[in-house]
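If you want the building blocks of each chain, they are given just below.
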There are 2 protein chains.
Amino acid sequence: MVGSLTRAPLLAQEHVLAERKRREKISQSFLSLAALIPGLKKKDKNSVLGDAIEYLKQLQERKARLEEQVAKRTVESVKFVKKTTQFYAQDDQTSSSDENFGTQSKNPFPDIEARVSNKDVLIRIHCETNKGCISNIINEVEKLHLSVLNSNALPFGQATLYITIVAQMEDEFSMTLRDLVKTLREGLLNFM
Amino acid sequence: MVGSLTRAPLLAQEHVLAERKRREKISQSFLSLAALIPGLKKKDKNSVLGDAIEYLKQLQERKARLEEQVAKRTVESVKFVKKTTQFYAQDDQTSSSDENFGTQSKNPFPDIEARVSNKDVLIRIHCETNKGCISNIINEVEKLHLSVLNSNALPFGQATLYITIVAQMEDEFSMTLRDLVKTLREGLLNFM
DNA sequence: TAAGACACGTGAGTC
DNA sequence: TGACTCACGTGTCTT
């Protein structure tokens, strides 16, 4: 307290040194960031941040539109879900009716299917290749009181992944299949 | 050195005020930027910048790939003409009509799905566990002028198997997706 | 206790 | 000459 003491003469200089190092890293990061922004004129700190934000939004928007376009062509899911056997849930995000042959539009990722047999659950996911994608997914699955027995990820096409997981319900598990798919989807959307 | 003059007593306080304002804007920009980065844990300044850089690169990369893909698709769609959008075939075993997704009756196995992306083909099969089942399936696939890149078989439930195969079209390959599924199904039925 | 992050006030440089 | 932006050293708060 008080502050009458500069603590220690040695630490004081170490402090300024550490701070100097920190500032240096930040400055360098600013430089790196600025380099990624096309058509950037003012390289003042706030402009870099502002333009980075704007550019990022723009990229996200464009990416979404492109994905939509690509997905429409490649997937065009005309999946018919009608009462396959008994336990089957299709992630059709909006539509409610069971009879609906979900014409899946918009961004279909992650596309999730789940089936159950006694205490076993099979989960199939079609999503974009993403950094840490798989571990995140496994992590989300385990959050739902499912113990993963086996998982497999197959890259297919440019940037998509087909993931198959077999898990087993723990005692605490008590969800409907539909809720499982829904919850899982919401969880995964945080990483994508 | 010097420092004898604080320039003006009025300006001094205006200076600190302006600087305070500037800092405030930067901080706010940092916050806005952080909000755009998915899966961001540490919101410390340097991490925000670093992750923003990484994320931006990732986005740029994906955007480029998507654009490339879209361009390719539109070109190829000329070659395939109208049926291009039908990149998805569902095995509905007996029914003949294209529009009829018949009520799947009796023994649904093997249940086959296929998708294609350029020269890659993804095949998903749901069938009963059988002796020599997998090698037979792979064999059948290769008969169709498809070179198998990767395959995975997951047992699930009592006696069923989920098989995922990624293959690549050889030069001789020339089938529609629908025919592929149909032919494959007929081939597999000999072993089941 | 020590290591790291932040905001602050301030001197200095730029257009 | 103001009105800016920046880097600096420092006190403080959080792990």
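Thresholds applied
- Residues numbered from 1 in each chain as written.
- Chains lettered and ligands numbered in written order.
- Predicted model: local features only at pLDDT ≥ 70, side-chain atom pairs only at ≥ 80, totals over all residues.
- Heavy atoms only, no water.
- Near = heavy atom within 4 Å.
- Polar contact = N/O pair within 3.5 Å; in protein donor to acceptor, adjacent residues only side chain to side chain.
- Helix = DSSP H or I, 4+ residues; strand = E, 2+ residues; numbered from the N terminus.
- Nonpolar A, V, L, I, M, F, W, Y, C, P; charged D, E, K, R; others polar.
- Contact = heavy atoms within 4.5 Å.
- Salt bridge = Lys/Arg side-chain N within 4 Å of Asp/Glu carboxyl O.
- Axes fitted to C-alpha atoms, helices over the stretch in contact; angles between N-to-C directions.
- Parallel < 35°, antiparallel > 145°, perpendicular 65-115°, else oblique.
- Left-handed = near helix turned anticlockwise from the far one by under 90°.

1. Thoughts on the protein's contact with DNA strand C
Stage number 1. Lining the immediate environment of DNA strand C, one finds Leu11(A), His15(A), Glu19(A), Arg22(A), His15(B), Val16(B), Glu19(B), Arg20(B), Arg23(B), Ser27(B), Asp44(B) and Lys45(B).
Stage number 2. Counting only the atoms of DNA strand C that lie within 4 Å of the protein, the sugar and phosphate share comes to 52%.
Stage number 3. Between DNA strand C and Arg22(A) there is a distance of 3.2 Å, counted from a phosphate oxygen to a side-chain nitrogen or oxygen.
Stage number 4. Put simply, the parts of the chain that give the surface near DNA strand C at least two residues each are helix H1 (9-36) of chain A together with helix H1 (9-36) of chain B.
Stage number 5. Grouping the amino acids of the surface near DNA strand C by side-chain chemistry returns two nonpolar, three polar and seven charged.

2. Topic: the interface of chain A and chain B
Stage number 1. Listed as interface residues are 61 residues of chain A and, on the opposing side, 57 residues of chain B.
Stage number 2. Seen at the junction of chain A and chain B, the total is four salt bridges.
Stage number 3. The interface formed by chain A and chain B includes 10 residue pairs in polar contact (both at pLDDT 80 or more).
Stage number 4. Listing elements by their share of the side of chain A that touches chain B, those giving two or more residues are H1, helix H2 (45-74), strand S2 (111-117), strand S3 (120-128), strand S4 (146-156) and strand S5 (160-169) of chain A.
Stage number 5. With 17 residues, the single largest contributor to the side of chain A that touches chain B is H2(A).

3. Quick look at the protein's contact with DNA strand D
Stage number 1. As a structural note, the neighbourhood of DNA strand D is formed by 12 residues, with His15(A), Arg20(A), Arg23(A), Lys45(A) and Arg22(B) the closest of them.
Stage number 2. Those atoms of DNA strand D that come within 4 Å of the protein belong to sugar or phosphate at a rate of 58%.
Stage number 3. Separating a phosphate oxygen of DNA strand D from a side-chain N or O atom of Lys45(A) is a distance of 2.6 Å.
Stage number 4. In this structure, a base nitrogen belonging to DNA strand D sits 3.2 Å away from a side-chain N or O atom of Glu19(B).
Stage number 5. Of all the secondary-structure elements, those providing two or more residues to the surface near DNA strand D are H1 of chain A together with H1 of chain B.
Stage number 6. Here the residues of the surface near DNA strand D sort into one nonpolar, four polar and seven charged.

4. Observations concerning the packing of helix H3 (residues 133-143) of chain A against helix H4 (residues 177-189) of chain A
Residue and element names in this part refer to chain A.
Stage number 1. Two numbers describe how H3 lies on H4: the axes approach to 10 Å, and their chain directions differ by 140°. When the interaxial angle is binned, H3 and H4 end up oblique. In this structure, the crossing between H3 and H4 has a hand that is right-handed. Mapping the contact onto sequence places Ile137, Glu140 and Val141 in H3 and Leu184, Gly187 and Leu188 in H4.
Stage number 2. Of the residues in the contact of H3 with H4, the class split is four nonpolar, one polar and one charged.

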